[in-house]
Amino acid sequence: MAKEKETKPMGNTVIGSSIVVDGEISGEEPITILGTVKGKVAVAQGVVVEAGATVEADIEGQTVTVSGKVTGNVTAREKLELRPESKMVGNAKAPRIVVADGASFKGNVDMDV
Amino acid sequence: MASEDPCFIGSKTTVRGQVSGKQDLVVEGRIEGHIRLESHLTVEESATVEADIEATMATLKGEVRGPVVATRSAVLEATARVAGKVKAPSITIVDGARFSGEIEMDVELPAGVVAGNA
Amino acid sequence: MADKETVIGVETRISGEIRGEEDLVVKGRVDGKIHLSHALTVEKGAIVQADVDVRNLVISGTLVGNIVASESVRLLATARVVGDLAAPRVIMDAGAAYRGRVDMGDIEAARAAVASRSVAKPVASSASTAKASTATNRPAPPRVAPTPKTAAFAAKVAPRFVAPSASDRSAESAPAAPPAFPRVAGSVGSAAPAWAKKKIRRR
């Protein structure tokens, strides 16, 4: 089962598209979300919310890249990126923020980290 | 008794009561009662054992009802039909075995894990 | 993005409920509840402290919690499992460590087919008591268990899984009827089954 890992840029933890996690996710490795997470995500590395994913949770990560839907406050220690088609409702806190054309965002922005 | 040949209970034989000893025991028939062996108990596919069992090793291929306590290992082979408690430091259940009951082994859990009853 | 396999990585911890319609591989830690229509794999080194309701389960790591699997459960040699287990097919490799009740359900069907002896105890009550509520008043399988010492064991084992999800587990765990092992002695109902009384039918 160790087929992924290292080479996969999207991370060592993958929450598949039909998975619903209702609770808290924490950890020290990158995490990619394709499914649904409700609760809280607080990880030491990167968080990727793929297109089609739904996250109703506060998110904390080193980098947070959103192509799906996030409802919650996001804190990125390095960078927050909202890709086209992403939707975010919540407060964003990151030293660098990229909001692509087509992204939808509603909330406060704090770059003074 | 003594010697190397196992004690053998044939398929048309029924034993009721207590069976004990240091000799290996192979059962193809029926035993009801208690079995106390310091040796290897084999319950063959055709056998039915309804007893309190204590043995060093138990190889179960037939029907067994009763607590089974093996001091070394217990194996439930594919044709086994076992009900009751099985307690041994090593237990193997082969695909196809049917079992309902309790299994008791010492389980060393890693730090930070509590076995539920807390 | 290739494979659509959900993996909880080695350094990831999830506390809460996981549900889904795909396979899940746990290499890290999950506390809570897992409910999948597919297969769950708990790898060596992984820790799952959760009630689990899945189709197939393969364990090489640690799992503490009640297990219901609609198809099969396999404990590999490095598995360490504490909890009730209900599945039609159970495989335990030598070396696996396990403690708890095992219910394979259709043993009763097999038994009933063989002999028309007092099958006794049909499903009814067992469904509700499917969780480990001690050997004594359980209509379910280990009727054989209850000698005083085994009752003590059962008591030690039972409270462990206060199985919150026991009720829905029981719905799935007892496929046909819980194995009310037809005992030679006929009527089952008594709280202290034959073994407790330890009656040896002697001449």
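Rules behind the numbers
Residues numbered from 1 in each chain as written. Chains lettered and ligands numbered in written order. Predicted model: local features only at pLDDT ≥ 70, side-chain atom pairs only at ≥ 80, totals over all residues. Helix = DSSP H or I, 4+ residues; strand = E, 2+ residues; numbered from the N terminus. Buried ≥ 20, exposed ≤ 12 C-beta atoms within 10 Å, placed from the backbone. Contact = placed C-beta atoms within 7 Å. Nonpolar A, V, L, I, M, F, W, Y, C, P; charged D, E, K, R; others polar. Pairing = 2+ DSSP bridges. Core = buried A, V, L, I, M, F, W, Y, C linked by C-beta atoms within 7 Å. pLDDT = per-residue confidence, 0-100.

Caption draft 1: Layout of the overall build of chain C. Looking only at helices and strands, one finds 5 helices and 12 strands in chain C. Expressed as a percentage of the 203 residues in chain C, the buried residues total 55%. Of the contacts formed within chain C by residues at least 6 apart in sequence, a portion of 37% connects residues at least 24 apart.

Caption draft 2: Examining the environment of Ala83(B) more closely. Mapping Ala83(B) onto the fold places it in strand 9 (residues 81–87). Here the alpha-carbon distance between Ala83(B) and Thr42(B), two residues 41 residues apart in the chain, equals 16 Å.

Caption draft 3: Fine view of the environment of Asp51(C). For Asp51(C), the location among the structural elements is in strand 6 (residues 47–59). Distance in space between the C-alpha atoms of Asp51(C) and Gly65(C) is 4.7 Å, their sequence separation being 14 residues.

Caption draft 4: Region of interest: the interface of chain C and chain A. At the interface, 25 residues of chain C touch 24 residues of chain A. Listed by contribution, the elements that provide at least two residues to the side of chain C that touches chain A are strand 1 (6–8) and strand 2 (12–20) of chain C. Counting residues per element, the side of chain C that touches chain A draws most heavily on strand 2 of chain C, which supplies 9 residues. Here the side of chain C that touches chain A is built from residues that sort into 7 nonpolar, 9 polar and 9 charged. Across 8 bridges, strand 2 (residues 20–27) of chain A lies against strand 2 of chain C in antiparallel orientation. Looking at the pairing, Val21(A) lines up with Ile18(C) of strand 2 of chain C.

Caption draft 5: A look at the nonpolar core. With 104 residues, the main nonpolar core has Val90(C) and Tyr98(C) as its most contacted residues. Sorting elements by how many residues they give to this core places strand 6 of chain C first, with 8 residues.

Caption draft 6: Up close: the environment of Val43(B). All names here are of chain B. Tracing the sequence through the fold places Val43 in strand 5 (residues 40–43). Residue classification places Val43 among the buried residues on the basis of 29 C-beta atoms within 10 Å. Each C-alpha atom, one on Val43 and one on Ala58, is 7.8 Å from the other, the two residues being 15 residues apart in sequence. The residues contacting Val43, other than those within four sequence positions of it, are Val27, Val49, Leu60, Lys61, Gly62 and Val64.

Caption draft 7: Summary view of the confidence of the model for chain C. Residue and element names in this part refer to chain C. Looking at chain C as a whole, its pLDDT mean stands at 70, while 50% of the residues score no less than 70. In this model, residues 107–146 is a region of pLDDT below 50 whose contacts with residues beyond four sequence positions or in other chains number 132 contacts. Scoring the predicted complex yields pTM 0.72 and, for the interface, ipTM 0.87.

Caption draft 8: Looking closely at the pairing of strand 4 (residues 29–36) of chain C. Residue and element names in this part refer to chain C. Of the strand pairs in this sheet, strand 2 and strand 4 are connected by 8 bridges, and their pairing is parallel. Residue pairing in the sheet places Ile14 in a bridge with Val30 of strand 4. When strand 4 meets strand 6, the two strands line up parallel, connected through 7 bridges. If you follow Ile34 over to strand 6, its bridge partner there is Val52.

Caption draft 9: Highlighting the pairing of strand 6 (residues 54–66) of chain A. Residue and element names in this part refer to chain A. Inspection of the sheet shows strand 4 (residues 36–43) paired to strand 6 by 7 bridges, in the parallel sense. Across the sheet, the residue bridging to Val37 is Val55, located in strand 6. In this structure, strand 5 (residues 47–49) lies alongside strand 6, joined through 3 bridges in parallel fashion. Residue pairing for strand 6: Val49 is matched across the bridge by Val66.

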